[in-house]
Amino acid sequence: MLSGRADSVDKVDAFDAGADDYVTKPFGMDELLVRHPGRLISQRQILDQVWGPGYENAQGNLRLYIAQLRRKLEKEPSRPEHLRTEPGMGYRFEP
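Residues numbered from 1 in each chain as written. Predicted model: local features only at pLDDT ≥ 70, side-chain atom pairs only at ≥ 80, totals over all residues. Heavy atoms only, no water.

What about the overall build of the protein chain?
Move 1: The secondary structure content of the protein chain amounts to four helices and five strands.
Move 2: Listed by position from the N terminus, the elements making up the protein chain come as β-α-β-α-β-α-α-β-β.
Move 3: Out of the 95 residues in the protein chain, the part that is buried amounts to 20%.
Move 4: Put simply, 33% of the contacts in the protein chain that link residues at least 6 apart link residues at least 24 apart.
Move 5: Of the roughly 7200 Å² that the protein chain leaves accessible, carbon and sulfur atoms contribute 49%. (Helix = DSSP H or I, 4+ residues; strand = E, 2+ residues; numbered from the N terminus. Buried < 20%, exposed > 50% of the residue type's maximum accessible area, 1.4 Å probe, protein only. Contact = heavy atoms within 4.5 Å. Areas by Shrake-Rupley, 256 points an atom, 1.4 Å probe, with all protein chains shown as cover.)

Here it is, written out as structure tokens:
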């Protein structure tokens, strides 16, 4: 979970609600790095782990969010260096 709230009560509430992690804004890139950098993650895995059951066919939503993340993280979003697409497979995060 990414939040602007740093109070410990908010963090506990987030974890109680099912959050896997809690990062407060502003944050450094070292805090944002994923558990397995460089590992290919399928679209289905992302949809299932982020949105849960019922979103298996929401590839359009996923592409939209990936594009938004690229605009925020990449120097040149149209030529991503960090959030890489593996056509027909999924995405790979390269720190």
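Moving on from the coordinates now.
Overview of the environment of asparagine 61
Move 1: Turning to its location among the elements, asparagine 61 is positioned in helix H4 (residues 59–73).
Move 2: Residue class for asparagine 61 comes out partly exposed when judged on its relative accessible area of 40%.

Notes on the nonpolar core
Move 1: Core analysis: the biggest nonpolar cluster contains six residues, these being Ile46, Leu47, Ala58, Leu62, Ile66 and Tyr91.
Move 2: Among the elements of the structure, helix H3 (43–51) and H4 are those that each provide at least two residues to this core.
Move 3: Dropping the residues within four chain positions of it, leucine 62 is found in contact with Gln43, Ile46, Leu47, Trp51 and Tyr91. (Core = buried A, V, L, I, M, F, W, Y, C linked by side-chain atoms within 4.5 Å.)

Note that every value here comes from positions in space, so none of it alone points to a role or purpose.
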